[in-house]
Amino acid sequence: MELSIQKWGNSAAVRLPAALLDQLKVALGDKLAVDVRPEGLMLKPARRKYALSELIAQCDPKASMPSDLAVWHGSAPVGREIW
């Protein structure tokens, strides 16, 4: 598939056909991450970055603790945990 670069105000634009948007599973208003590579550009759906406060706000403070919580106590971190 070839796309044309066209003038858009003081910028240049490439129009993405609806079929391509469907393949990428994106819609108008979504954000794309752009990587510049030696062979060209790579466009991919942008991943949303969440703040810790946003994630905590989604938690149910009345939820019961898991019964196997004792198994986690004293465990070494396996990722980028902050505790």
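Scroll up to find the structure this text is about.
A short tour of the structure in this document, coming up. A quick note: this is a predicted structure, and the numbers were derived from the prediction, not measured. (Residues numbered from 1 in each chain as written. Predicted model: local features only at pLDDT ≥ 70, side-chain atom pairs only at ≥ 80, totals over all residues. Heavy atoms only, no water.)

## Section: the overall build of the protein
Our working definition: Secondary structure is summarised from DSSP: a helix means a run of H or I of at least four residues, a strand means a run of E of at least two, and numbering begins at the N terminus for each. We take the radius of gyration over the C-alpha atoms and set the globule estimate at 2.2 Å times the residue count to the 0.38 power. With a 1.4 Å probe rolled over the protein chains alone, any residue whose accessible area is under 20% of its type maximum counts as buried; one over 50% counts as exposed, and the rest are partly exposed. It only takes one pair of heavy atoms within 4.5 Å for two residues to be counted as in contact. Here the Shrake-Rupley method, with its probe set to 1.4 Å, supplies the accessible areas, and only the displayed protein chains count as covering residues. Neither His nor the chain ends is counted toward charge; the positive residues are Lys and Arg and the negative residues Asp and Glu. For charged residues, the charge sits on one atom: NZ in Lys, CZ in Arg, CG in Asp, CD in Glu.
The helix and strand tally for the protein stands at three helices and four strands. Taking 83 residues into account, the globule formula puts the C-alpha radius of gyration at 12 Å, and the protein, at 22 Å, lies well above it. Expressed as lengths along the three principal axes of its C-alpha atoms, the size of the protein is roughly 60 × 30 × 25 Å. Looking at the protein as a whole, 5% of its 83 residues qualify as buried. If you take every contact in the protein between residues at least 6 apart in sequence, the share linking residues at least 24 apart comes to 2%. Here the protein displays about 8400 Å² of accessible surface, and carbon together with sulfur accounts for 58% of that area. Here the protein contributes 11 positive and 9 negative side-chain charges, whose respective centroids are spaced 6 Å apart.

## Notes on a nonpolar patch on the surface
Selection rule: Note that patches include only residues with greater than 30% relative accessible area and no salt bridge, and the join distances are 9 Å for like charges and 5 Å for nonpolar side chains (Val, Leu, Ile, Met, Phe, Trp, Tyr). What makes a salt bridge here is a side-chain nitrogen of Lys or Arg within 4 Å of a carboxyl oxygen of Asp or Glu, nothing more.
On the surface, a nonpolar cluster with roughly 470 Å² of combined accessible area is contributed by L32, V34, V36, L41 and L43. Of all the elements in the fold, those that place two or more residues in the nonpolar patch are β3 (32-37) and β4 (40-45). Per-element accounting of the nonpolar patch gives the leading share, three residues, to β3. Secondary-structure assignment places V34 in strand β3.

## A short note on the pattern of salt bridges
Counted by the stated rule, this structure contains three salt bridges. Where R37 meets D35, a salt bridge forms, and the shortest distance between an N and an O atom there is 3.9 Å. R37 gets classed as partly exposed once you look at its relative accessible area, which sits at 36%. Between E54 and R48 there is a salt bridge, with its nearest N and O atoms 2.7 Å apart. Judged by relative accessible area, E54 falls into the partly exposed class, the value being 30%. Each of D35, R37 and K44 takes part in one network of salt bridges that share partners.

## Looking at unusual backbone geometry
Comment: phi is negative for the bulk of residues other than glycine, and the bulk of peptide bonds are trans. Positive phi outside glycine occurs at K25, with the angle close to 60°. Looking at K25, the relative accessible area reads 73%, which means it is exposed.

Keep in mind these numbers describe shape, not what the thing actually does.
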